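# Summary of the model geometry
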Amino acid sequence: MKEIVVISGKGGTGKTSITASLAYIGGEDLIIADCDVDAADMHLLMDPDFGKAEDFFSGELSLIDQDACIKCGKCQDVCRYDAIPIIDSQYIVDPLGCEGCGYCARVCPTDAITNSQPNVGKCFVSNIRTGSTMVHARLSIGADNSGKLVAKVKKDAKAIAEEQKKIAVLVDGSPGVGCPVVSSLSGASFVILVTEPTVSGLHDLRRVYELVKKFGIKAGCIINKADLNKEVSDDIKIFLKEEDIVLLSEIPYNVKFTEAMTNGKTIVEYDKELGNIISESWEKIKAIEGL
Amino acid sequence: MKIAIASGKGGTGKTTLSTNLASFIAESRECVLSDLDVEEPNSGLFIKAELIHEEDKFKMIPEWEKSKCELCGNCQAVCNFNAVLKMGKMIMVFPELCHGCYACSELCPTDSLPMKQKKMGELKFYKKGNLNFIESKLIIGEEQAVPLIKQTIDYVDEKFGEDVIKIFDSPPGTSCPVIEATKDADFVILVTEPTPFGLHDLKLAVETVKQMEKPFGVVINRHGIGNDGVEMYCREDNIDIIARIPNDRLIAEIYSRGELLYSTIPSVKEAVKSISNYVDKFNSQKKRETK
Ligand code: SF4
Ligand code: SF4
Ligand code: SF4
Ligand code: SF4
């Protein structure tokens, strides 16, 4: 079973629209995992039924029992994150600031501090309109550990794919180069890099590819809005050649791209011409990965 | 006066707005722009200014000193992030997992784990006339953005007084990094697109700023595409729409070359002007209230 991850470094390149299109083309052969847990949007195009929901607990959060607290201030002294302010002459843990290191509880002389595992999000397994299954999630606001939630979404999607003998898991990856995208990439067999010919697009592509390289994953690239800037487009192609990244396709700048999304449709359903380009990319990936 | 520019998702035009707004304001008075999207800082591509200072940024991690260690295992027991492990007669520290809480170090009975500096990124300070630009970049493979964001804000606070306008280009999303980047702001500008994805992500961003009890307003980018969902949502929830930047292929082309827009595109100039006026009004109102 293969794992194909779509990433873009930064948002706005059309990553999710393209992933949704691939999900539509692949239909029942694929299990979908939305690992962009911070701003999950796949569900807007996939019409999920939120069939199974599960709370996700991770990390730790401290809580001070005011009856037991003798106001010695030791907890505040050791907290490196300034997460224990004094409010109305009480020591209170600020849940948005607390890193969950547990140091305060270890030094409290009266054991007034307890740690609990906070609910940091929800994880869903849904039937979607492509006839397949999607695992997706919603991270709570200000929550840490999005990397762990990403790992869970992927693990669940893989388990379903194996059980149902699907050919691959298709992952809408997280943005950035930090912890969540590291989780998105680990274990991937192929990475699709979605970029656009802008100086920032190329900049982010280079940066995120450094990470892909660390994992040693084979990569292909889709250039969206390819005709927006020929010069930068050429620079991207030179970069791809240097790094031995397959150029999967070039999608022209087209308002239909956004129109499709506004109508709740994938691009392949909405526009034949754009759809064909994406279908071709999918054929290339299948050939490379032997699907 | 601190203004954070944020969005539920990347790629909505956050960087475009920050760089154009800061450059516009700097035409008449001193202004600082700080790129806190440390995973993928992009503002620097649009600001052509002179580098006047750079420094490495460090996080503190424990380093094991063998000589006095009694191998009691306390360090492993107190680390909530599994970043210290006792393996046979060795204590191993995993720097990328360490959150720098100091617990293992300060609770070690023999002082065998002194905290040492480890480079996590670089800060650069550029200047051009009234415009000060400060950018930090995380080293690839470094998973935690928050400490670097925090140090960058501290640097800006140290260098510039209260009355200088400070614009923070925040990282995308609703998790820890964006909370860190916006929690000191006096006002938050949320940038969105008038599409279903944009609306969905805007709602998450609104929830986040409301939880932080920050005053905020919305700027709609690529106005004219998509539908009127965002406008209706803002009207119903009494959210100010501060400005609208039209959808225009020419804007996308200029952006793709890494150039600023407001001097060539009148509608963008209008937009940054109204944002600047809005912010001034907000500021003087706030000053009056505190008096
Ligand atoms: S658990 Fe750590 S971060 Fe949270 S309040 Fe206690 S010392 Fe501070
Ligand atoms: S260390 Fe314990 S007793 Fe002391 S102020 Fe903190 S919670 Fe209260
Ligand atoms: S707590 Fe200190 S003495 Fe004990 S094993 Fe760790 S480093 Fe060694
Ligand atoms: S400083 Fe804190 S997070 Fe880092 S290794 Fe020590 S106990 Fe763990």
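Basis of the calculations
Residues numbered from 1 in each chain as written. Chains lettered and ligands numbered in written order. Predicted model: local features only at pLDDT ≥ 70, side-chain atom pairs only at ≥ 80, totals over all residues. Heavy atoms only, no water. Helix = DSSP H or I, 4+ residues; strand = E, 2+ residues; numbered from the N terminus. Buried < 20%, exposed > 50% of the residue type's maximum accessible area, 1.4 Å probe, protein only. Contact = heavy atoms within 4.5 Å. Areas by Shrake-Rupley, 256 points an atom, 1.4 Å probe, with all protein chains shown as cover. Expected span 1.5 Å × (residues − 1). Domains from an automatic or database assignment. Salt bridge = Lys/Arg side-chain N within 4 Å of Asp/Glu carboxyl O. Polar contact = N/O pair within 3.5 Å; in protein donor to acceptor, adjacent residues only side chain to side chain. Nonpolar A, V, L, I, M, F, W, Y, C, P; charged D, E, K, R; others polar. Pairing = 2+ DSSP bridges. Axes fitted to C-alpha atoms, helices over the stretch in contact; angles between N-to-C directions. Near = heavy atom within 4 Å. Core = buried A, V, L, I, M, F, W, Y, C linked by side-chain atoms within 4.5 Å. Parallel < 35°, antiparallel > 145°, perpendicular 65-115°, else oblique. Left-handed = near helix turned anticlockwise from the far one by under 90°. Phe/Tyr/Trp six-rings, centres within 6.5 Å; stacked < 30°, edge-to-face > 60°. Lys NZ or Arg CZ within 6 Å of the ring centre and 35° of its normal.

Secondary structure assignment for chain B yields nine helices and 11 strands. Its C-alpha atoms put chain B at 70 × 45 × 40 Å along the principal axes. Classification of the 291 residues of chain B by burial places 56% in the buried group. A sequence separation of at least 24 residues applies to 72% of the contacts in chain B between residues at least 6 apart. Split by element, the accessible area of chain B, about 12,300 Å² in all, is 49% carbon and sulfur.

This brings us to helix α9 (residues 266–290) of chain B. Under the 1.5 Å per step criterion, the end-to-end length of α9(B) is 36 Å for 25 residues, consistent within 8% with the ideal 36 Å. When α9(B) is considered as a whole, its buried residues turn out to be V268(B), A271(B), V272(B), I275(B), S276(B), V279(B), F282(B) and N283(B).

Here the focus is the domain arrangement of chain A. According to the domain assignment, chain A contains domain 1 (2–57 + 121–289) and domain 2 (61–116). The gap between the C-alpha centroids of domain 1 of chain A and domain 2 of chain A is 41 Å.

The next subject is the interface of chain A and chain B. Each side of the interface is counted separately: chain A has 58 residues, and chain B has 59 residues. For the pair chain A and chain B, the interface holds two salt bridges. R80(A) is paired through a salt bridge with E106(B); the nearest N and O atoms lie 2.8 Å apart. Counting the contacts that link chain A with chain B gives 22 residue pairs in polar contact (both at pLDDT 80 or more). At the level of elements, α1 (15–26), α2 (43–46), α4 (103–107), β9 (133–139), α6 (179–185), α7 (199–215) and α9 (256–262) of chain A are the ones that each hand at least two residues to the side of chain A that touches chain B. Counting residues per element, the side of chain A that touches chain B draws most heavily on α7(A), at eight residues. Residues that form the side of chain A that touches chain B fall into these classes: 24 nonpolar, 17 polar and 17 charged.

All names here are of chain A. The strand order across the open sheet formed by nine strands is β3-β8-β9-β2-β10-β1-β11-β12-β13, and the pairing between neighbours is mixed. At either end of the open sheet lies a strand with only one pairing partner, and these are β3 (52–57) and β13 (246–250). Each adjacent strand pair in this sheet contributes to an overall mean axis angle of 20°, direction not counted. Sheet topology note: the strand β11 (residues 190–195)/strand β12 (residues 218–223) ladder contains six bridges and is parallel. Within β12, the position partnered with L193 by the bridge is C221. Its contacts with the sheet put α7 on β1 (2–7), β11 and β12, and the angle it makes with β11 is roughly 165°.

This next bit is on the site of ligand 1. Near ligand 1 you find S62(A), C79(A), Y81(A), I84(A), V93(A), C98(A), E99(A), G100(A), C101(A), G102(A) and C104(A), and these make up its full shell. Per-class residue counts for the shell around ligand 1 are seven nonpolar, three polar and one charged.

What follows deals with the nonpolar core. I7(A), V153(A), L185(A), V191(A), L193(A), V212(A) and I245(A) are the most contacted members of the largest nonpolar core, which has 46 residues in total. Once residues lying within four places of it in the same chain are set aside, the contact partners of V153(A) are A33(A), D34(A), C35(A), V37(A), C123(A), V135(A), H136(A) and A137(A).

Our next topic: the site of ligand 2. Neighbouring ligand 2 are 13 residues, the closest being C69(A), C72(A), G73(A), C75(A) and C108(A). A class-by-class count of the residues in the shell around ligand 2 yields nine nonpolar, two polar and two charged.

Relative to the helices and strands, R138(A) is located in strand β9. On the basis of relative accessible area, R138(A) is assigned to the partly exposed category, the value being 22%. A sequence separation of 94 residues divides R138(A) from V232(A), and the C-alpha atoms of the two residues are 35 Å apart. Once residues within four sequence positions are removed from consideration, R138(A) is found in contact with V37(A), D38(A), V120(A), G121(A), K122(A), F124(A), L149(A), T174(B) and L204(B).

Before going further, it helps to spend a moment on the packing of helix α6 (residues 196–211) of chain B against helix α7 (residues 229–236) of chain B. Residue and element names in this part refer to chain B. For the pair α6 and α7, the least separation of the axes is 10 Å and the interaxial angle reads 30°. Considering the angle they form, α6 stands roughly parallel to α7. Crossing angle aside, the handedness with which α6 passes α7 is right-handed. Residue-level contacts link L199, L202, K203 and V206 of α6 to G229, V230, Y233 and C234 of α7. A class-by-class count of the residues in the contact of α6 with α7 yields six nonpolar, one polar and one charged.

With that settled, consider the domain arrangement of chain B. Its domain assignment divides chain B into domain 1 (2–58 + 122–290) and domain 2 (64–113). Taking the mean C-alpha position of each, domain 1 of chain B and domain 2 of chain B sit 40 Å from one another.

Let's shift gears to the packing of aromatic side chains. Enumeration over the complete set of coordinates arrives at nine aromatic pairs over all chains. Ring geometry for F50(A) and F124(A): centres 5.0 Å apart, planes at 85°, overall edge-to-face. Remark: F124(A) occurs in strand β8 (residues 119–127) and F50(A) occurs in the loop between α2 and β3; sequence separation between them is 74 residues. For F50(A), a relative accessible area of 38% gives the class partly exposed. Residues F125(B) and F160(B) carry aromatic rings whose centres are separated by 6.0 Å and whose planes lie at 70° to one another, so their mutual orientation is edge-to-face. One end of the pair, F125(B), is in strand β6 (residues 115–128); the other, F160(B), is in the loop between α4 (146–159) and β8 (165–169), with 35 residues separating them in the sequence. Exposure remark for F160(B): the relative accessible area of 8% places this residue in the buried category. Three or more aromatic residues joined by ring pairs make a cluster, and in this case those are F125(B), Y155(B) and F160(B). Directly above the ring of Y102(B) sits R80(A), whose terminal nitrogen or CZ lies 3.4 Å from the centroid.

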